[in-house]
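Topology and contacts: notes
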Amino acid sequence: MLLIDIDACIGCGLCEENCAFDAIHVVNGIAEVNENCTLCGGCVDYCEAGALKIEGKEECGEKDGLAAWSGIWVYAEYRHGRIAPVTYELLGAGRKLADQKKVPLSAVLLTDKAGGMPAQLISYGADQVYVVEDHALAQFTDEAYGNALEDLARQYKPEVILAGATAIGRSFIPRVATSLKTGLTADCTQLDIQQEDGALLQTRPAFGGNIMATIACPNTRPQMATVRPLVMKANAPDPARKGDVIHYTISPDRLASRVKVRNFVALEGDQVNLNEADIVVSGGRGLESEKGFQMIAELAHLLDGAVAASRAAVDSGWIPYPHQVGQTGKTVSPKVYIACGISGAIQHLVGMQSSDTIIAINRDPHAPIFNVATYGVVGDVFEIVPKLIDKIKQVRSS
Amino acid sequence: MKIIVCVKQVPDAKDVRLDPKTNTLSREGVQSIINPYDRHALEEAVRLKEKVGGTVTVLTMGPPQAAEILRESVSCGADEAVLVSDRAFAGADTLATTYTLSQAIKKIGGADLILCGKQAIDGDTAQVGPGLAVRMDIPYVTCVRRIVEANDKAFVVERLMDDGYDEVEVTLPALFTVVKEINEPRLPSLKGKMRAKKLAITTLSAGDLDADTAQLGLKGSPTWVVKVFAPQLKGERTMIEGTVQEQVDQLAEKLMEWC
Amino acid sequence: MDYFLTEEQQMIVDLSRQIADELIIPQRAALDESEEFPKDILDAVAKADLFGVYIPEEYGGFGAGTFEIVLALEQFGRGCVGVATAFAASALGAFPIMISGNEEMKKKYLPDIASGSKKAAFALTEANAGSDASGIQTTAVLDGDEWVLNGTKQWITNAGEAKIYTVIAITDRAKGPRGASMFVVEDSDPGFSYGVKEKKLGIRASSTRELIFKDCRIPKDRLIGREGTGFITVMKTLDRSRPGIAILGVGLGQAALDEAVTYAKQRVQFGKPIISFQAVQHMLADMAIQLEAARALVYAAAKHIDAHPKDMSKASSMCKVFATDMAMKVTIDAVQVLGGYGYMRDYPVEKMMRDAKILQIYEGTNQIQRNVVGQELNKEYT
């Protein structure tokens, strides 16, 4: 619990101002904590009088044997014969962490057919690649993939395991963390090494992006995190890089799964669920026609996002109603909302203003959409959007 | 079929806003609600009950006032409600939470099927469902978007993936986490509200769980919050200036950074 | 203002409010545009047990009264008067059975109406019989074990959507007002069909059509109450139903006031939010005062009716006039406060203004209501 030293407390109110949870208030000159407290310790850092302390933090977990765990691992996400792009981003981020700590960076590849993939992973920065190659890994199942990664981790003891915050990563990585009884931080957007002790600091958004939290896992290993795709930067591949490939065999009983994949159905682009899309590209009256939405769809596809529209565009028949965002449509709060040619009537704003980042592109510098935008671009959507598509393609391919 | 639905009380995210002046969270008028994804889990449980028979028990870990969402769940069709509440659980991360929930489920006699929302909107971790299944040693499927076949022994469900969906087969007992598209949750009914008002909620404390206290709450949590801070302020708009190409270049760079 | 509702009444308010906020308000503009009957919303209302609020428990209802149905209708009216009218019309159709039907008839029809699985409708108006009900031309003639209906009912709310219709027809023209009787006609009865859907100024989500009876044969036991009591049943029905229309005005007025105040706080002219100008403030204040007075009157009338007094008519008519005239005025003023934006379909107040008008017309025009009040006064002071 949060302990308040009432002799030390000077009632300055810094804790109250800085509590994100409305859990601490100064009453009659002394701080008082209520049941909203999540023991996050935010107030402790702000207290200049040293009056606050989180009890129990210092005694939890096991500190013994942490030194036995060493090296940074990246889970190389494999599905339907290919490696997910987030893997290369993680190798880029992992490379920095490994260099900083002067430890090797390893990739873990679980697959039914490794082929040239280990070499590919090395070219993106891995010093070594652990490969488990087995027919049982042809389809993703939480049990087989989870057990394989768990067994490898127990055998080789990495201090850090990173995976993409993808459908696969967010499904089976919690299994590994729970089995290893260690901490896991989901959907990180920033990773740092703490100077004093080399611990991994994992920063992630919470409360729908309204606050950021930095998490550490001081007493157990490995330190595990899933990382949001498209946040980290991949290094350019270097085909000349050398590395070791370590083949590892997992016993068949550990690769058995009580869940069996029967069939896969690919989703069409416009079946993307607007409410769950991380990126939404939206068009309004400024698109002028159905054709205008083709470039919106292309940008959305490129960014792995969903297509949305204002009521004006839907009413004009340029795009069907399920895409409508706003008072009479859907309410969305993606990580990025790109409003193209949308003036920003209040009916539209209520449906999207809680997005983490809003990019507005509009010809009219006085359009109300700019009032809620994080980034505003005054210009012609027909000029900017196609150029933006080209630019992203160019960056991606380089 | 005995179905347990895990629900969580969360602050209504759409109300939680940053005060642009003080750079702190504005909490005025923030309502506590049932985690929206959990409403879909509950709805699916009630539909299964209506189709194949059985009971639906809602389970939550939280402070005493979390009983509100249990009553709300009962008014929407759940039969029984269990509140797991104790100061000893405070500060639990997902690992400690799954331990506590698994002990509670064992205490109330287990389940054929456990349903959870995909994630909670306050933490967005999506870890409790899978972790709970591991604790219970039962198979799980995350992000279920449709139940295709259901009987006493096995289910066929569609699991949402990044590139489409997998149709998977799983034997019971099992745990699913569900996405919003699985159904449209019903509203409470007047009769349900009357029942909810009268229902006695089973309350379990740490002492009732036969739990290893070292695995509860803060002590059982390997992750610590080092710092909580406000993200880059929204509303502080940056206009991207320059020639069209300059604007596009800057925009592309931002997109790579933010997406 | 606090009206000291009981826990159960508060439950009805909360549930209805949730339906209005989550289901009705997000769809109302689209329903108004498409003139589509709100089937999904009414299904949800049925699942929430609200169709049975006023129906006795022995017939599967919740066993509450006029006041409770008024509380629900206030929320629905705040959401959309079109949707609320579709809901209210089912109650109007059920009242004749509840008031004058025999036990067998109640058992046959009320449980389905209470569950919402079948909607009801009430059929009085004809081309030549509006405010003057004596102009009714639809006839019912007993032929052996069957009544044979002929004629056309006009502007019947829920026509084509309801399964159960309570219909007034002349059974003996020579007897004048005592020559009319009420019947239950079912959707599937032979010789019964619907006219085209009317295009309306407002409440466009509700369905308004003709009922056409061409040698429509129904069993003898479909007669509601005794032969010749049709007008009495109609009058008793309307006495009980008018607070329901009145409260739609209150709900609608509340919605208009909410929009107007919210807008006035946001809209900046001459460097200030327009709510800081006294001209606007006074308009808003008058809207709020009229609204609250109407609400208090409707609540009081509903409670009065629930006590089953002999003299329901005056209270019932007074609240209908006052609350619906208020709704017209308040919605017009809300459009004025929103100015040009208020006139645009992007904002909800123009629809509110269109919807308000019908409240002064249907279930007895406000002129007829004043007649009722006047006649009652005349009686009281003799």
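See the structure printed just above.
Cut-offs used in this document
Within every chain, residues take consecutive numbers counted from 1 along the sequence as written. Labels are handed out in written order, letters beginning with A for the chains and numbers beginning with 1 for the ligands. Totals for whole chains, interfaces and linings use every residue, but because this is a predicted model, local features are given only for residues with pLDDT of at least 70 and side-chain atom pairs only at 80 or more, for both listing and counting. The side-chain numbers reported here are obtained from all heavy atoms of the structure, hydrogens and water having been left aside. By the criteria applied, helices consist of DSSP H or I runs no shorter than four residues and strands consist of E runs no shorter than two, each listed in order from the N terminus. In this description the radius of gyration comes from C-alpha coordinates, and the expected globular size is given by 2.2 Å times residues to the power 0.38. When a residue's accessible area, from a 1.4 Å probe over protein chains only, is under 20% of the maximum for its type it is buried; when over 50% it is exposed; and in between it is partly exposed. Every residue pair with non-hydrogen atoms within 4.5 Å of one another is taken to be in contact. For the accessible areas, the method is Shrake-Rupley and the probe is 1.4 Å, while residue cover comes only from the protein chains on display. In this count, Lys and Arg are taken as positive residues and Asp and Glu as negative ones, while His and the chain termini are left out. For this purpose, a charge sits on NZ of Lys, CZ of Arg, CG of Asp or CD of Glu. Whenever a helix is involved, its axis is fitted only over the stretch in contact; in every case the axis is a line through C-alpha atoms, and angles between N-to-C directions fall within 0 to 180 degrees. Handedness of a crossing follows from how the near helix is turned relative to the far one, being left-handed for an anticlockwise turn of less than a right angle and right-handed for a clockwise one. Polar here means any residue other than Ala, Val, Leu, Ile, Met, Phe, Trp, Tyr, Cys and Pro, which are nonpolar, and Asp, Glu, Lys and Arg, which are charged; Gly is therefore polar. Summed over both partners, the accessible surface that disappears when two parts come together, traced with a 1.4 Å probe, is what is meant by buried area. Salt-bridge detection follows one rule: a side-chain nitrogen of Lys or Arg within 4 Å of a carboxyl oxygen of Asp or Glu. Nitrogen and oxygen atoms within 3.5 Å of one another constitute a polar contact, given that in protein one can donate a hydrogen and the other can accept it, and given that sequence-neighbouring residues count only through two side-chain atoms. Think of it this way: DSSP has to see at least two bridges between two strands before they count as a pair. Patch rule: a residue counts if its relative accessible area is over 30% and it has no salt bridge; like charges are joined within 9 Å, and nonpolar side chains (Val, Leu, Ile, Met, Phe, Trp, Tyr) within 5 Å. Criterion for a disulfide: a pair of cysteine sulfur atoms at a distance within 2.5 Å. Here is the rule for angles: anything less than 35 degrees is roughly parallel, anything more than 145 is roughly antiparallel, 65 through 115 is roughly perpendicular, and the remaining ranges are oblique. Take the buried Ala, Val, Leu, Ile, Met, Phe, Trp, Tyr and Cys residues and link them wherever side-chain atoms come within 4.5 Å; each set so joined is a nonpolar core.

Looking only at helices and strands, chain C features 10 helices and 10 strands. In summary, chain C has a C-alpha radius of gyration of 21 Å against a globular reference of 21 Å for 382 residues, a match within 12%. Overall size of chain C, expressed as C-alpha extent along the three principal axes, is 80 × 50 × 40 Å. Buried residues in chain C amount to 57% of all 382 residues. A separation threshold of at least 6 residues defines the contact pool for chain C, and within that pool the share at least 24 residues apart is 75%. Counting every atom, chain C has about 16,100 Å² of accessible surface; 53% of that belongs to carbon and sulfur.

In this section: the overall build of chain A. Secondary structure summary: chain A contains 11 helices and 22 strands in total. Burial analysis of chain A (398 residues in total) assigns 58% to the buried set. Expressed as a percentage of contacts within chain A between residues at least 6 apart in sequence, the contacts between residues at least 24 apart total 62%. Side chains of chain A give 35 positive and 47 negative charges; the mean places of these two sets differ by 7 Å.

Now for the packing of helix α8 (residues 313-343) of chain C against helix α10 (residues 366-380) of chain C. All names here are of chain C. It is at 9 Å that the axes of α8 and α10 come closest, and there the two elements cross at 145°. The handedness of the crossing between α8 and α10 comes out as left-handed. For the pair α8 and α10, the contacting residues are S313, K314, S317, M318, K320, V321, T324 and D325 in the first and N366, Q369, R370, V372, V373, E376, L377 and E380 in the second. Of the residues that constitute the contact of α8 with α10, the class distribution is 5 nonpolar, 5 polar and 6 charged.

Each partner contributes residues to the interface: chain A has 5 residues there, and chain C has 6 residues. Carbon and sulfur atoms supply 41% of the area buried between chain A and chain C, which totals about 560 Å² over both sides. Across the contact surface, chain A and chain C share 0 salt bridges. At the boundary of chain A and chain C, one finds 0 residue pairs in polar contact (both at pLDDT 80 or more). A breakdown of the residues in the side of chain A that touches chain C according to their chemical character gives 1 nonpolar, 3 polar and 1 charged.

Read from one edge of the open sheet, 10 strands run β17(A)-β11(B)-β10(B)-β9(B)-β12(B)-β8(B)-β1(B)-β6(B)-β7(B)-β13(B), paired in mixed fashion. In this open sheet, the two strands that pair with only one neighbour each are β17 (259-266) of chain A together with β13 (202-204) of chain B. Looking at each pair of strands side by side, their axes are set apart by 30° on average, direction ignored. Looking at chain direction, strand β1 (residues 2-6) of chain B and strand β8 (residues 113-117) of chain B are connected through 4 bridges and run parallel. Residue pairing across strands places C6 of chain B opposite C116 of chain B, the latter belonging to β8 of chain B. Against the sheet, helix α6 (residues 167-179) of chain A makes contact with β9 (140-150) and β10 (154-161) of chain B, and its axis sits at roughly 105° relative to β9 of chain B, the strand it touches most.

With 101 residues of chain A at the contact, the number on the chain B side is 85 residues. Regarding the contact of chain A and chain B, the summed buried area is about 8,500 Å², with carbon and sulfur atoms giving 58% of it. If you look at where chain A meets chain B, you find 6 salt bridges. Close ionic contact of R258 of chain A with D137 of chain B constitutes a salt bridge, the shortest N to O distance being 3.3 Å.

This part is about the sheet that holds strand β8 (residues 105-111) of chain A. All names here are of chain A. Taken in spatial order, the 7 strands line up as β11-β15-β10-β5-β8-β9-β16 in an open sheet, and their pairing is parallel. Two strands close off the open sheet at either side, each with one partner strand: β11 (184-188) and β16 (244-247). Going across the sheet, the axis of each strand differs from the next one's by a mean of 20°, ignoring polarity. Helix α3 (residues 86-101) contacts β5 (72-76), β8, β10 (160-164) and β15 (223-227) of the sheet and is inclined by roughly 175° relative to β5. Sitting on the sheet, helix α5 (residues 142-156) is in contact with β5, β8, β9 (128-133), β10 and β16, with an inclination near 145° to β8.

Our focus in this paragraph is unusual backbone geometry. In the segment running from R221 of chain A into P222 of chain A, the intervening peptide bond is cis, with an omega of -5°. Here P222 of chain A is to be found in the loop between β14 (211-216) and β15. For the peptide bond that leads from L172 of chain B to P173 of chain B, omega is -5°, which places it in the cis range. Tracing the backbone through its elements, the reader meets P173 of chain B in the loop between β11 (164-171) and β12 (174-178).

A few words now on a negative patch on the surface. Residues and elements named next belong to chain C. Taken together, the side chains of E8, E57, E58 and E103 present a region of like negative charge at the surface. Note that E58 resides in the loop between α2 (39-47) and α3 (66-79). With relative accessibility at 63%, the residue E58 sits in the exposed group.

On to the pairing of strand β20 (residues 336-340) of chain A. Residue and element names in this part refer to chain A. Counting buried positions over the 5 residues of β20 gives 5, a clear majority of the element. With burial as the criterion, each face of β20 is covered, one bearing V336, I338 and C340 and the other bearing Y337 and A339. Looking at chain direction, strand β18 (residues 279-283) and β20 are connected through 5 bridges and run parallel. By the bridge assignment for β20, V281 is matched with I338. Bridge analysis of β20 against strand β21 (residues 357-362) gives 5 bridges, and the strand direction is parallel. Paired with V336 across the bridge in β21 is T357.

Residues and elements named next belong to chain A. Summed over all chains, the structure comprises 0 disulfides over all chains. Free cysteine: C12, not disulfide-bonded; nearest cysteine sulfur from C15 at 6.1 Å. Taking relative accessible area as the criterion, C12 reaches 45% and is therefore assigned partly exposed.

The next point concerns the packing of helix α1 (residues 7-34) of chain C against α3 of chain C. Residue and element names in this part refer to chain C. Packing of α1 against α3 brings their axes to within 7 Å, and their N-to-C directions diverge by 25°. With respect to α3, the axis of α1 lies roughly parallel. Our pair here, α1 against α3, has a crossing hand that is right-handed. Contacts between α1 and α3 involve Q9, I12, V13, S16, R17, I19, A20, D21, I24, I25 and R28 on the former and, on the latter, F67, E68, L71, A72, Q75, F76, R78 and G79. Broken down by class, the residue content of the contact of α1 with α3 amounts to 10 nonpolar, 4 polar and 5 charged.

With respect to the secondary-structure elements, I83 of chain A resides in strand β7 (residues 82-83). When residues no more than four places from it in sequence are discounted, the contact partners of I83 of chain A are E77, Y88, M117 and L121 of chain A.

On to the nonpolar core, then. Among the nonpolar cores identified, the biggest contains 108 residues, and L50, Y54 and I113 of chain C are the most heavily contacted of them. Top contributing element to this core by residue count: helix α6 (residues 230-266) of chain C, with 15 residues. For I113 of chain C, the residues in contact, after removing those within four places along its chain, are F51, Y54, I55, S90, A94, K118, A120 and I164 of chain C. Within the second largest apolar cluster, 86 residues are counted, among which are V74, L91 and Y124 of chain A together with V82 of chain B.

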